[in-house]
Amino acid sequence: METLGAIIIWAVFGLIAGAVARLLVPGRQAMGWVMTMALGIVGSLAGGFLSWLFTGGPHDPFRPAGFIMSVVGAVIVLALYVMAARPRRTMP
């Protein structure tokens, strides 16, 4: 039951962090709540990596981050997603 609880907590935390990141990034993002949840979870791992880069500590670089760094990581991941999903202009 401990593992199921951890999965549920990660999912809810990811959904909240992803939703906050989507509010902070301007424009419309075409993604549902599952993608928003995945965005928050990936953003948390990216935020943990950024935290590891700044502190340079001996801990694991892919550990989960706190809420603020999770949102920062999710904003960066979302900005990269928006740039990658943008339609390409073709040359005439």
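All of the points below concern the structure found in this document. (Residues numbered from 1 in each chain as written. Predicted model: local features only at pLDDT ≥ 70, side-chain atom pairs only at ≥ 80, totals over all residues. Heavy atoms only, no water.)

1. Re the packing of helix α1 (residues 2–24) against helix α2 (residues 33–55)
Now for step 1: In the contact formed by α1 and α2, the axes pass within 6 Å of each other and the chain directions differ by 95 degrees. Regarding the angle of α1 to α2, the classification is roughly perpendicular. Between α1 and α2, the contacting residues are W10, A11, F13, G14, L15, A17, G18, A19, A21 and R22 on the first element and W33, T36, M37, L39, G40, I41, S44 and L45 on the second. (Axes fitted to C-alpha atoms, helices over the stretch in contact; angles between N-to-C directions. Helix = DSSP H or I, 4+ residues; strand = E, 2+ residues; numbered from the N terminus. Parallel < 35°, antiparallel > 145°, perpendicular 65-115°, else oblique. Contact = heavy atoms within 4.5 Å.)

2. Focus on helix α3 (residues 67–85)
Now for step 1: Spanning 19 residues, α3 covers 26 Å between terminal C-alpha atoms, matching the ideal 27 Å at 1.5 Å per step.
Now for step 2: When we look at burial in α3, the residues that qualify are S70, V71, G73, A74 and L78. For α3, the buried positions fall inside an angular range of 160 degrees around the axis, keeping them on one side.
Now for step 3: Here the buried face of α3 lies against α1 and α2. (Expected span 1.5 Å × (residues − 1). Buried < 20%, exposed > 50% of the residue type's maximum accessible area, 1.4 Å probe, protein only. Arc of directions from axis to C-beta.)

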